[in-house]
Amino acid sequence: MDKFTTLTSTMVPLPIENVDTDQIIPARFLKATTKEGFGDNLFADWRYEKDGSPKKDFVLNNPIYSGKVLVAGKNFGSGSSREHAAWAIAGYGFKVIVSSFFADIFKNNALNNGVLPVVVPENFLSELLININDNPKATVTVDLNNQTITNNANGQSEHFEINSYKKECLLNGFDDIDYLLNRKDLIEKFEQCANK
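Parameters and conventions
Residues numbered from 1 in each chain as written. Predicted model: local features only at pLDDT ≥ 70, side-chain atom pairs only at ≥ 80, totals over all residues. Heavy atoms only, no water. Pairing = 2+ DSSP bridges. Helix = DSSP H or I, 4+ residues; strand = E, 2+ residues; numbered from the N terminus. Buried < 20%, exposed > 50% of the residue type's maximum accessible area, 1.4 Å probe, protein only. Contact = heavy atoms within 4.5 Å.

**Student:** Can you lay out the pairing of strand β6 (residues 148-151) for me, pointing to particular residues and giving the numbers?
**Tutor:** Note that strand β5 (residues 139-143) and β6 share 4 bridges and pair antiparallel. Bridging across to β6, valine 140 finds its partner in asparagine 151. What sits between the antiparallel neighbours β5 and β6 is a turn of 4 residues, in which glutamine 147 has the positive phi angle 55 degrees. The pairing of β6 with strand β7 (residues 156-159) spans 4 bridges and is classified as antiparallel. In the sheet register, threonine 150 faces β7, and the bridge partner there is serine 157.

Here it is, written out as structure tokens:
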């Protein structure tokens, strides 16, 4: 995974509440066992007509919106525990999702795939969505070291929580295996002490 420290980006608004994992990546795409291509099917039923042509009114098909930050409504990622939903978010190119609430399993799956879920108060979320609507080039800055998110349109910042282990993994670009390999010397030293 790529290291994540600080990101400043434009945002893509998805002000829909209770977006579940079946809406993020429909079940018919779950046969694949690798992560490749999942970004192409992110929000597939909202994004494409039955003939595969793009739906003009869906935000991902609107060229005025772009960026590595998805600003979503409350309760994002509810439903099944499919990790494919996080694969699709990451595969599309999003590095951060901002919401006022995430389903726990989705939140962990996102972190495991290098996507940072940032929980903010509802008033901060509403203000972000207003700023994007007023100016699609508005940006947000996410600082993982300091655990802050700043709305650059008005300078308001919020602190967000993250598990310290997952924070360390994101800062270093580690998945769980990379983390253990990075601790190999310590593990071997512990084994030697335990075997004495």
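**Student:** So what's going on with the pairing of strand β1 (residues 6-14)? Residues and values would help.
**Tutor:** With respect to burial, β1 is a largely interior element, 7 of its 9 residues being buried. Two strands pair when backbone bridges link them, and β1 and β5 are joined in this way by 5 bridges, in the antiparallel orientation. Of the residues in β5, the one forming a bridge with leucine 7 is valine 142. As judged from the 4 bridges shared by β1 and strand β2 (residues 69-72), these two strands associate in the parallel manner. In the strand pairing of β2, leucine 14 is matched with alanine 72.

**Student:** Describe the side chain of threonine 21, listing the residues and the values that go with them.
**Tutor:** Here threonine 21 is to be found in helix α1 (residues 21-24). Residue threonine 21 is classed as buried on the basis of its relative accessible area of 1%. Dropping the residues within four chain positions of it, threonine 21 is found in contact with Gly77, Ser78, Gly79, Ser80, Arg82 and Ala85.

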